[in-house]
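# A look at the structure
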Amino acid sequence: MPRRGAGRAALLALCLGAPCGAGAVADTLLAFTLPRAATTSAGVYDRQGRLVRTLWRAEPMGAGPQQLRWDGRDDRGQPVAAQEHEVLLIHHRIGYVWEGVIGNRSARYTGAGVHKAFQPPTSIALAAGRGWYTVGYNEMQPGLHGFDPAAPGEAVRPLRSTDPFAAFTMVAVDDARLYWSNGGGLSKTSFVGAFELRSAQPLIFRAGQALCLNRRPASPRCYEDQDYPSVIDVETAAPDAPTGLAVQRNGRVLAVAHGGRGQVRLFDKFGGARIGEIALTLAPRALNQLAMTPGGDLWVVSGRSLLRYTDLDRTRRLVARIDGLERPLAIAADPRDDGALWVADGAPSRQLKRYGGDGQLTATLGAAGGHDGDPAVRTDKLCFALRPDQEQTALAVSEQGDVWVVDTCNNRVLRLRDAGPAASDADVPIAYLPAFYAATADHGDPRRVFANFLEFDVDAARPLEPGRSGVLVRNWLAGLPAALADERARNGGFGGFTSVETLANGRTYGIVAARGRQVVVELPASGPLRVVRMLATPAPGMTPRVLYENGELGHALTGSARQTVLRLPLRGFDAAGDPVWSDEPEALAAVPLRPGTPYHRGAFSGMPPRFPLTGSGRVVFFDPAVQGNEGFHLGAAARGGQDWLWLASPSGALDGKGSFQTKAVDGSVHYGGNAVWTAGRHIVYGYHGEFHRDLDNGRIGQANQFMHFDDSGLFIGQFGRRTTRSSGPADEGVAGNAFAPTLLRAGPRLYLLHNDESAHGGLHRWRIDGWDDVQELRGRGPVGGTIVLR
């Protein structure tokens, strides 16, 4: 009984059916003794080593003698040739453990207390011993979040704010009420609403209006989450959305800025009646442009100046002005001092500045220039970039003088003090990763884990721990070369690294997609990213390149009859230490494009398609498409081979046995699989299954499944949790659009890491226990006889 240890690899594949009973062709008796209770899978192979029949997949069996029968047919139900065949049975006790997420500072990984959202925080307010922040459009999750400033790692969401048609963009609080602005969301309509904090019910403005953002089909009834009994300041055009929100704590004025119209509108905060306006120059796309002093005066950001108005509900007089700022982004009044104002000054300053009642600068927080050209992350280096062409942040000041600021492109909220930031965990009370679709890890240095352009240092030898799940060490957006600056240059969405590997020369390289091109970059030990090589635009039929663990650049080329996997071998390094690849690619394998075979059909899968090699030299193919293939979705060819060695993961309903759900059984599914990885002889692929239907309960959601196969083509296991099952706000293992997985070997451990659309606000890590103890029984014999497996 040969034993497979650490060199064995895990594959995601599907086997067909359960153990065979007596058949009508030529039954073959299979006899073996299982040395332990285990999960088993088995298959039949011909003389050329090709898998002709998957007998069963991931069936539990007890220890002791076993006898089963094979009916002599292949996977298509046809009789096999009357010749000697080999039967392989693998057995294991593999378990899949969801450890938590990286990049989230919440005090827990599951439950309602997890900070998470589709976007970073857009506004923040402190009052009455409570903190509040908004997150804009949030994919049917709450748009309004709360926390206790004394224990900010626990999120609180007591107010109803789950309308997918609205975007909760700004928040302002007095001691009794919370005011919020809707910036449009899926609807173009914007407005201002309010909650009574004591009752957690919407405030009914006497001068407000009822508003329905979305009605039920063919019905006058409004969807409950889109039904607002009383709102004010309603606008129906997107450019007219609010850009500032502030409320007098003791007075009656609520101020709403509209940058697109150059107006600050003043309302009675109790009844909602409009009582006046201020006309001035405002930024049309900004947020948090207003702040109310403890005495009830209004500060406004106007161009590069800060203007203070008094007597708001009467004559509205301009009484102070602060000039000389670089790019004022957001402001907050100091509750301890009626004359003091804090401002977040954007690039090139990237600092927080406090001005006194005389208009003089009294304090500055943050290093001048912020990150500037240095990716190293510190709490005194601020980054306000939301996108390459837009900065955005938010400020709030506590009664104790702490300044809370949204460190936007580092995806965190900092708590700083007048005397400067202290070097402690308390400086980063809130951090989570918004929806992100690019994630990877460095196989040459498994401590290095990446989400978009953010790099985390994660101890791969220890389990993850809430609040301490990795340390943010670099933000590679800092000093980003101009060739990489496009709409993806942000820490969210598809921006960032598709692969990162430390190579034999000890230097680290990765691939970034920018301006329609793939770019090889170096991640130096110090300083910003460095462009190494612009890769050519793929020719017709050619997939994008992948940087593999050994430094090779690979892709596939699909012709009229075959799909060929090609690699550019790494020849060495030039005088500058940069990689030098061969000019001529090596063909690893070429497979025929037969119906039902798993060649890559070009379907969207999130990341560039991968064609990895297993430890035994098998080239893996994966078809993530939900249309056009009702056969198998995973397969392999021998290195140098010209035909399929095995086919696995058949089309069919998700069954826990590695089947691949297509539109043939589920007309609602949009996207199916994503990326396939190998580690030794293990193969794992992801099936995110967006809008798939759970055929057991009829619900639609995210599949979030990972299929694990052996490189013999036999199925090992399946893990992940579907959102269509009963779940809470942040349930163990739940994720959305998790189509950037990475299989990572770290010493004696094997992990699967993947991105998340915002179900947990971090990069997930699964531990695959028992991966190095997959054992096998083999036996040869003629069809119709007895094959003894040993």
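This write-up is about the structure you can find in this document. (Residues numbered from 1 in each chain as written. Predicted model: local features only at pLDDT ≥ 70, side-chain atom pairs only at ≥ 80, totals over all residues. Heavy atoms only, no water.)

Turning our attention to the sheet that holds strand S39 (residues 497–502). Spatially, S39-S40-S41-S42 is the arrangement adopted by the four strands of the open sheet, whose pairing is antiparallel. Looking at the sheet topology across the chains shown, the edges are occupied by S39 and strand S42 (530–534). The average angle at which neighbouring strand axes cross in this sheet is 25°, direction not considered. For strand S41 (residues 517–522) and S42, the ladder comprises four bridges, and the chain directions are antiparallel. Paired with Glu522 across the strands is Arg530, a residue of S42. (Pairing = 2+ DSSP bridges. Helix = DSSP H or I, 4+ residues; strand = E, 2+ residues; numbered from the N terminus. Axes fitted to C-alpha atoms, helices over the stretch in contact; angles between N-to-C directions.)

The subject of this paragraph is unusual backbone geometry. Omega for the bond connecting Ala347 with Pro348 falls within 30 degrees of zero, at 5°, which places this linkage in the cis form. Note that Pro348 resides in the loop between strand S26 (341–345) and strand S27 (351–355). Here the phi dihedral of Ala58 falls at roughly 50°; this positive angle occurs in a residue that is not glycine. Relative to the elements of secondary structure, Ala58 occurs in strand S3 (residues 51–61).

For the structure shown, the criterion picks out three cavities of 30 Å³ or more. Reported here for the largest cavity is a volume of approximately 140 Å³. If you trace the largest cavity, you find 16 residues lining it, with Arg160, Trp180, Phe195, Pro202 and Tyr228 closest to the centre. Breaking the lining of the largest cavity down by element, the ones donating at least two residues are strand S13 (190–196) and strand S16 (227–235). Here the lining of the largest cavity gets four residues from one element, more than from any other, and that element is S16. (1 Å grid on protein atoms, 1.4 Å probe; cavity = no way out; pocket = protein on both sides within 12 Å on 5 of 7 lines; lining within 4 Å. Points joined across faces, edges and corners; volume = space filled by probe spheres on them.)

In terms of burial, S3 is largely enclosed, as nine of its 11 residues are buried. Taking the residues that link successive antiparallel strands as the turn, the strand S2 (residues 38–45)-S3 hairpin has five residues, and the phi of Gly49 there is positive, at about 80°. (Buried < 20%, exposed > 50% of the residue type's maximum accessible area, 1.4 Å probe, protein only.)

Should the sulfur atoms of two cysteines be covalently bonded, the bond is a disulfide. For the structure shown, the criterion picks out two disulfides. Between the sulfur atoms of Cys212 and its disulfide mate Cys222 the distance is 2.2 Å. The sign of the 100° torsion about the S-S bond sets the Cys212-Cys222 disulfide as right-handed. Here Cys222 lies in the loop between strand S15 (209–212) and S16 and Cys212 lies in strand S15, a separation of 10 residues in the sequence. The class for Cys222 is buried, based on a relative accessible area of 15%. A sulfur-sulfur separation of 1.7 Å characterises the disulfide bridge that pairs Cys383 with Cys409. Between Cys383 and Cys409 the sulfur-sulfur dihedral comes to about 110°; the bridge is accordingly right-handed. Taken together, the residues Cys383 in the loop between strand S28 (361–365) and strand S29 (385–387) and Cys409 in the loop between strand S32 (403–407) and strand S33 (412–416) connect sequence positions 26 residues apart. Take Cys383 and Cys409: they sit in the same class, and that class is buried. Sequence-ordered numbering of the bonded cysteines in the chain gives a pairing of 1-2, 3-4. (Disulfide = S-S within 2.5 Å.)

What follows deals with the environment of Asp402. Tracing the backbone through its elements, the reader meets Asp402 in the loop between strand S31 (395–397) and S32. When the C-alpha atoms of Asp402 and Gln563 are compared, they prove to be 60 Å apart, with 161 residues separating the residues in sequence. Apart from the residues lying within four places of it in its own chain, the contact partners of Asp402 are Ala396, Val397, Arg415, Leu416 and Arg417. (Contact = heavy atoms within 4.5 Å.)

As a further point, take the pattern of salt bridges. With the rule as written, the count across this model stands at 60 salt bridges. In this structure, the salt-bridge partner of Arg327 is Glu391, at a minimum N-O distance of 3.0 Å. Of the two residues, Arg327 sits in the loop between strand S24 (317–322) and strand S25 (328–333) while Glu391 sits in strand S30 (residues 390–391), which places them 64 residues apart along the sequence. Judged by its relative accessible area of 16%, Glu391 falls in the buried class. Among the ionic pairs, Arg412 bridges to Asp407, the shortest N-O distance being 2.7 Å. If you follow the salt bridges from partner to partner, you end up with Asp233, Glu235, Asp240, Arg261 and Arg265 in one network. (Salt bridge = Lys/Arg side-chain N within 4 Å of Asp/Glu carboxyl O.)

Note that every value here comes from positions in space, so none of it alone points to a role or purpose.
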